[in-house]
Amino acid sequence: MSARGKKRSASSLGNTSTSNVQAKRKTQVTSNLFGKMVESAGYVLGGDHTANEITVEPAVFQKQLSQLFKKQASIDQSVEKFCSALIEYMEDARRLRMCLLSTKAAEQSEVLTRSTGLDSLIRLLLGVDCLQPSLINHLFEKLLEFMDNPTGGTSSLQLRDYCQVPKLILNQLRWLDHIVNGTELCTKLLELIDVASYDLKHEVIASLPEILDDSQHSMAATHLKTLLQTTSDYTSAIIDSLTNLTVSAELGAQILEVAMARVSSAALVDLPTVIKYIMQQVTPSNAQELISELRDKLDLDTLFVPPPAACSTPRGTQRVVNKVSVEATSEYVIFDTINCSISYQKSVADGWMKTIESVTDAGGHKAVDIVVLLILHTVSSRRKAVETLFTSKVRGGQFTEDLLSSVFKLSSGALLKFFPSVLTLSEKLLCSGMPSVVQFAMCLYQHAFISFDVYCQQEVIAALMTHVGSGMAAEIDHALDVLGSLVETHPSAMNRFAVLVKNILDYLEHLYIHQVRKLYYVLSVLAFRSEESNIQDELHTVVRKQLSHVESRYRRMGVIGAAMMIQQLSYGGSPRADQTMCPSLSEEKEEPPHLSASRLKQAQTLITDTIQSCSQSQETATLFCDEMCVAIRHTAMNPSVLRSLCDTVVTQFQETFLVDCKDDLPTNLGVPLQLCHGLDTLDNDNIGLNLLPVAMAAHGLERNFLLQRVSSQFKLLRVCEQLLNSGSLEAVDALLGCPIVMCPEEILRLSAFEGLPTSTKQDLCLVLFHCINWMRELVCAFAGDKEPEMRAKVISRLATITKLQSQLDTCMSVTPDFLCLLVDADSSVPSKPSKTKSKETSVSDKSLPSVSQEKGSTPITAPTTATTPTTGNNIDKVQLFFRKLDMDVFAVLHYAPLSKTIMDSEMHTAEREELVIQPAQLLFLLQDLHSKVSSSLSVAGFGARWRKPATTSAKQNTSFDNTAMQLAEKVVELMPALRDHIEITYASCQSTNVGDDVDGFCTDYPAQCDCLILLFKILAVFFAWHQLSDPLYSHLLHQSLELLSKTPHPSVSKDIGLAAKGACVYFERFSEHLPLISCSRPYVMLLVSICTACQSNAAQKRVAKICTQLLKHSWAESTMETTQQRTETLEYLLKYHFGWSVEPLKAVEEMCAKAVPELIGEDGGQSVSSIFPTLSRDSFPCFYKNMMITIVSQVKAIPLLTKGAQPSSEVLLDRLQSIHLSANVLYMLVTLVKSFEKRAVLSAALKYGTLYIEALLKFGMPVIDVEFRPHKDEVLTLLRTLQKSTRCFQNFCGHSKVQRDTTLTNHVPKLKKSLEMFMFKVMEMLVHHDCQEAFSVGNLRNRDLQGQEILSQVSKPSHSSQLRSERQTSPNPNDEAQEE
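Source: prediction; values computed, not measured.

About the criteria used
- Residues numbered from 1 in each chain as written.
- Predicted model: local features only at pLDDT ≥ 70, side-chain atom pairs only at ≥ 80, totals over all residues.
- Heavy atoms only, no water.
- Helix = DSSP H or I, 4+ residues; strand = E, 2+ residues; numbered from the N terminus.
- Buried < 20%, exposed > 50% of the residue type's maximum accessible area, 1.4 Å probe, protein only.
- Areas by Shrake-Rupley, 256 points an atom, 1.4 Å probe, with all protein chains shown as cover.
- Axes fitted to C-alpha atoms, helices over the stretch in contact; angles between N-to-C directions.
- Parallel < 35°, antiparallel > 145°, perpendicular 65-115°, else oblique.
- Left-handed = near helix turned anticlockwise from the far one by under 90°.
- Contact = heavy atoms within 4.5 Å.
- Nonpolar A, V, L, I, M, F, W, Y, C, P; charged D, E, K, R; others polar.
- Salt bridge = Lys/Arg side-chain N within 4 Å of Asp/Glu carboxyl O.
- Expected span 1.5 Å × (residues − 1).
- Phe/Tyr/Trp six-rings, centres within 6.5 Å; stacked < 30°, edge-to-face > 60°.
- Lys NZ or Arg CZ within 6 Å of the ring centre and 35° of its normal.
- Pairing = 2+ DSSP bridges.
- Bend = angle between axes of the 7 residues up to and from the residue.
- Core = buried A, V, L, I, M, F, W, Y, C linked by side-chain atoms within 4.5 Å.
- pLDDT = per-residue confidence, 0-100.
- Disulfide = S-S within 2.5 Å.

J.: Got a sec to walk through the overall build of the protein chain? Specific residues and values, please.
T.: Within the protein chain, the secondary structure is distributed over 58 helices and nine strands. The proportion of buried residues among the 1380 residues of the protein chain is 53%. Accessible area of the protein chain: about 61500 Å², with a carbon and sulfur share of 50%.

Structural data, given as structure tokens:
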């Protein structure tokens, strides 16, 4: 036989042997009780590899099997034999597995369901009650047997099938229809949990809710709670199981407490399950408490630690990547869990909102707060509330940039889902107008750009471009700032969007000059910081087209663009001055590129081309100098480029404007010339500024622009010199003392100037104007020099400025057309005509400066027309055209007294005269400082819409581009100097013996008074700056208060109220001897600003006391102040004398009872009150108006009663007494109208009487109504008092009609309507309290102020009206109150 035949025979023998074994086993099974009974019940056992079959329905099988057991003699013995046989049958692992798998319906059977999803044999047997307990015991034994993996060949099953056996056994116990002994089953399962392996324990814990009956849930939950406390390995399984168990409220609270404690120590993968369980337990009653506790324990900063740098080995790198992947997935699941809970549970969302809102500490917020708010923002119904809460948190300093940085340190994939909310919040916050909120929004934009993918980055850029196109000036500024910061910190990431950003050029025509500068800065950085940029050529093309454009406004844009391109082509690596937006991102800024020779050559070529393009227009040449100053100051440029630029400017400046003093001056100009205003001794080496000859040689508008270049080129020259020579100006210091070629001073006197030709007068005014600009630039350049000689010259130049301004003022008074030279220069190229006609405005209103103006006020286009000025010009109309002073100029305020001999070493020293700032020079500096502070720190409307920019003068200086923050810091630095000048000026005014003739005693006295007023105003505007309360700027408030007090209290920095009180104490000593009453208004304004900024009640009381002292002071008459100024001052003093006193109504009552009666008497009374010398018959209307305002405000201050919150009886009684006192004071005031029959007094009585009645109806009547029953007598007395006042008001109305004064009669209808409403309200109240007998209605007769009946209204009364009149004039004696 062949080998193949032998093998086939062996295989046949093997199969035959296996079949024989299976047949033998089947015979053995069917011969025992187990086999017989299941076969009799309709169940066919299969082989080791074939499924079991059933021939009847499962329920029929269980019923027949139960009946078979009942037929047995002993059920217990039968069950025992049955189970023994079953166990023996399942000793084979393959048979056990087949018994646990689904049963198959037999082909020839009565089973209706032919699917394979029929229950297994074990599950069918568990449905038989008598078998269930024993079978469950055997199943648990099998669980322990299959708990561990098999070793070697101990099992006939494969490993995969072997591991599935425990799960199959547990599946048999799930969702049983009936459990015979639930307690025993629960006990066995819990015991199994304690001894089972790790994997089996997970399976058992997870299956508990599906196996146990509800009656055993508490027992299982208690055990799981204990297990959760002792181990953290099964947290997710335990929490999932507990979620599906039904427990009592007490046990549920205990489990919740354990789960809450597990939050801080749970593994990252288990945390979503724990959070989900806690969220499910939230109810409206415990929402805030539960969410607050969860928030305290949930610390994302410690859970999601940024991964360390990847290891050098591949295995280490893989571990780091896996860890990052797990953390990113866990973060996403956690956020998604919170998101689902918030979306489907209103109480959870409310709890998070209230919890976050309740955190008031700046350091109490966590990263999870911002994440949850982003999640809440995705819910449309809560979007507005989230934006409001977010804004308030940022404004209050509770959401900081550090907190925002910690949020974006989380996985970007987890936060990506909330990117739309991030973008929407950024847009809303940027439009808020509050500096700290805007700053936060700008950082939010930056983080969104850095943290997300390219698609999101593109969306961020698009959102910023939308802001630029919004037409809101502030939005445009902030959006361009964000773009500027991004190109600084992440130029490579921004470079891919360069083409997109370039599209902002479409909005260029609508931008202001400083916005155009920012835009070109962004584009220049994108174009020249990267070698791979693709917009360089296009940017060059745009700028060159603009430089060669015929319209002036486009040439200005081109000049700005060229300056920014030169700045970036010669970029030396220094950051911009304003690059402090988000410090946490600054470390990512790239290193500056290496400047190759080609780049430097390109920069120098662009400088040459721009200068050549500007040579045809003096206007653009001036603007180029100013713009280069801005570019050089903000970025350190390459020294070689600076030197080339400096040399070019020096050459042009020398050739055009400088002459040698030894040269003869021209004599053919129509006016004599001489060297004026020189500070140095004249010799052959001196130089002079050739102003007048240059002006008279030029023609038309170019003459003005040519003279503008004097100051612009000098500024660019000195900026370059400072940078090239480490701040030294030694190379140009000769210009500080050089003379100017001008006409003699005799010609500028009014008598000689009037006889000159008109063209000559215009030339001389123009030269004076630009001579002042030249001096202002000199002072700006050398004010910071520490050399005594240079400081003395600076002071002398300030004196020259004041002198020249006086001369210009004199000359302008007889040169009516001079202003047109400046206005026409601004409007030399008209812009597109406006679609709407605007009202004609004056030149001073329409001709606004552009480049030199503060940020946001500089348009790029020009006005269409210029209004011809009228006669009577003065220097005030050209103030806006002067070049602005730098903040460095105010270092002069720190100068100590100097000796005049220091000015030149060659002068004789026989006399030494102290050189100090005179009142005129001090007044000049303070006026400029006050203008800067008022325009930058005052409350301005946010978001002005696009408008046709009014002007576009290019002649002014661009140096004053300080933000409000920078200006406020400068003011704080000047605080000691301002304080010293207040003391010096106050002492000087005191030392002047005023006497009767104040105005003629001392020529410096008016200037000293003006200086004192300006000093108070500057400080008042600073402390009134609304952003001082912002946490971003609060340190300035502390620092300034410390500097104002020479000996600051050690606790000033801790107690702001104490600091305010100390400042008020310091300023209180100035109240005794103020020179003029008009000085007291800015003085009190300063004190009020300090108290308001610090919110100090103690300081407010001191201010009220100071106001009282000022009102009791006897002020001398002076022509230096007008009647209107005195009246406005009195109104301001009275406002805080009454408003901030301890009891305002008592203060008004005292004024009416003691001071005012002194003006009334049979002989006419006194002309001035002895108690309040400021009170006279002339000033009484002012006092009367403020007293009426006070009583109205006090009634409005009464809290409005609501149904939910009812105050105590003591509080209500206090309010009633306050109303009664106000009614008494009102009656005193209305009776005073008869003694002061003045139109202003009667008008105030009618106007504020109406407001009083309306306030009484809204705030007072609810209190009167509530207090009527407990205090009936007091209420009726109050009504009688009010009745007297209402009768007087009726007389006032009748008198107004008789006088036929429209100003008075305009108040009558509203007052009568209020009186009628008040009458019906009183009637309703009396009827409601069953006291209607105390009220009667009658017709009032029309009377005048004195109570006399108006005869024109007398008519024969009818019978009914006569009865009513008799009832009115003869009231019922039982009536307690009568109201008409």
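J.: Which residues make up the packing of helix α31 (residues 552-569) against helix α32 (residues 597-614), and what are the values?
T.: With their axes 9 Å apart at the nearest point, α31 and α32 run at an angle of 160° to one another. It follows from the interaxial angle that α31 and α32 lie roughly antiparallel. Remark: the crossing between α31 and α32 carries left-handed chirality. Contacts from Val559, Ala562, Met565, Ile566, Gln568 and Leu569 of α31 reach α32 at Arg599, Gln602, Ala603, Leu606, Ile607, Thr610 and Cys614. Among the residues forming the contact of α31 with α32, the class breakdown is nine nonpolar, three polar and one charged.

J.: Break down the environment of Met1319 for me, with residues and values.
T.: Note that Met1319 resides in helix α57 (residues 1308-1328). What makes Met1319 buried here is its relative accessible area of 13%. With 36 residues separating them along the chain, Met1319 and Gln1283 place their C-alpha atoms 9.4 Å apart.

J.: Any details on the pattern of salt bridges? Residues and values, ideally.
T.: Applying the stated criterion across every chain yields a total of 33 salt bridges. Note that Arg382 and Asp350 form a salt bridge whose closest N and O atoms lie 2.5 Å from each other. With Arg382 in the loop between α19 (367-377) and α20 (383-395) and Asp350 in helix α18 (residues 346-358), the pair connects residues that are 32 residues apart, well separated along the chain. Judged by relative accessible area, Asp350 falls into the partly exposed class, the value being 21%. Of the charged contacts in the structure, one is a salt bridge between Glu1128 and Arg1081, with a shortest N-O distance of 3.3 Å. Taken together, the residues span a long stretch of sequence, with Glu1128 in helix α50 (residues 1123-1139) and Arg1081 in helix α48 (residues 1077-1094) at a distance of 47 residues. Judged by its relative accessible area of 32%, Glu1128 is partly exposed.

J.: Break down helix α55 (residues 1272-1299) for me, citing the residues and quoting the values.
T.: The end-to-end C-alpha separation of α55 is 41 Å, in line with the 40 Å expected for 28 residues at 1.5 Å each. Note on α55: the residue one or two positions beyond its end, Arg1300, has a positive phi of about 55°.

J.: How would you summarise the environment of Ile747 if you had to cite specific residues and measurements?
T.: Inspection of the secondary structure assignment puts Ile747 in the loop between β7 (740-742) and α38 (750-753). Looking at Ile747, the relative accessible area reads 13%, which means it is buried. C-alpha separation for the pair Ile747 and Leu764, spaced 17 residues apart in sequence, amounts to 9.7 Å.

J.: Outline the packing of aromatic side chains, supporting the account with residue identities and numerical values.
T.: Per the counting criterion, the structure on display carries 24 aromatic pairs. By way of ring pairs, the aromatic residues Phe34, Phe69, Phe82 and Tyr89 are connected into one cluster. Arg529 extends its terminal NZ or CZ atom over the ring of Tyr571, reaching a point 3.5 Å from the ring centre. One cation-aromatic arrangement involves Lys1112 over Phe1172; the distance from NZ or CZ to the ring centre is 5.5 Å.

J.: For the sheet that holds strand β2 (residues 53-54), give the residues involved together with the corresponding values.
T.: Spatially, β1-β2-β3 is the arrangement adopted by the three strands of the open sheet, whose pairing is mixed. Looking along the sheet, the strands with just one partner apiece sit at the ends: β1 (43-44) and β3 (104-105). As paired elements, β2 and β3 share two bridges and run parallel to each other. Counted as the bridge partner of Glu53 is Lys104 from β3.

J.: Residue-level account of helix α10 (residues 198-211), with values.
T.: The first and last C-alpha atoms of α10 sit 20 Å apart over 14 residues, in line with the 20 Å expected at 1.5 Å per residue. Helix geometry: α10 is bent most strongly at Ile205, by close to 25°, with proline Pro209 lying one to four residues after it. Among the residues of α10, those classed as buried are Leu200, Lys201, Val204, Ile205, Ser207, Leu208, Pro209 and Ile211.

J.: Before we move on, could you go through the environment of Gln966 and cite the residues and values that matter?
T.: Among the structural elements, Gln966 can be located in helix α44 (residues 964-991). Measuring from C-alpha to C-alpha, the distance between Gln966 and Met887 comes to 9.8 Å, with 79 residues separating the pair along the chain.

J.: So what's going on with unusual backbone geometry? Which residues, and what values?
T.: Phi is positive for Trp175, which is not a glycine, with a value near 50°. Following the sequence through the fold, Trp175 ends up in the loop between α8 (159-173) and α9 (182-195). Judged by its relative accessible area of 56%, Trp175 is exposed. Unusually for a residue other than glycine, Ser726 sits at a positive phi of about 55°. With respect to the helices and strands, the residue Ser726 is situated in the loop between α36 (701-724) and α37 (734-737). Since its relative accessible area comes to 75%, Ser726 is described here as exposed.

J.: Outline the nonpolar core, listing residues and values.
T.: A general feature of soluble globular proteins is that nonpolar side chains tend to end up buried together. Counting 428 residues, the largest nonpolar core has Phe61, Trp352, Trp774, Leu808 and Phe1067 as its most contacted members. If we ignore the near neighbours within four places in the chain, the residues touching Phe1067 are Ile982, Leu1019, Leu1044, Tyr1083, Leu1086, Leu1087 and Ile1090.

J.: Now, about the confidence of the model for the protein chain: what can you tell me, with residues and values included?
T.: Averaged over all residues, the pLDDT of the protein chain is 78; the fraction at 70 or higher stands at 79%. Here helix α42 (residues 843-846) stands out as the least confident element of the protein chain, with mean pLDDT 31; helix α52 (residues 1180-1196) is the most confident, with 93. Counting interchain partners and residues more than four positions distant, the pLDDT-below-50 stretch residues 824-871 has 139 contacts. Segment residues 993-1001: pLDDT under 50, and 10 contacts once partners within four positions in sequence are set aside and those in other chains are kept.

J.: How would you sum up the packing of α55 against α57? Please name residues and give values.
T.: Between α55 and α57, the least distance of the axes is 11 Å, while the angle of their chain directions is 155°. Taken together, the axes of α55 and α57 are roughly antiparallel relative to one another. α57 is crossed by α55, and the crossing has left-handed handedness. The residues of α57 that touch α55, namely those facing Val1275, Leu1276, Leu1279, Leu1282, Thr1286, Phe1289, Gln1290, Cys1293, Ser1296 and Lys1297, are Val1308, Leu1311, Lys1312, Leu1315, Phe1318, Val1322, Met1325 and Leu1326.

J.: Please set out the side chain of Ser426 residue by residue, giving values where relevant.
T.: Position of Ser426 relative to the elements: it lies in helix α23 (residues 419-430). Other than its neighbours up to four places away in sequence, Ser426 contacts Ala441, Leu444 and Tyr445.

J.: Help me get a handle on the state of the cysteines, residues and values and all.
T.: One pass over the full model with this rule turns up zero disulfides. Note on Cys625: no disulfide assigned, nearest cysteine sulfur contributed by Cys629 at a separation of 7.1 Å. For Cys625, a relative accessible area of 5% corresponds to the buried category. Cys1079 carries a free sulfur, and the closest cysteine sulfur to it, the one in Cys1009, is 5.2 Å from it. Among the residues examined, Cys1079 registers a relative accessible area of 0% and is labelled buried.

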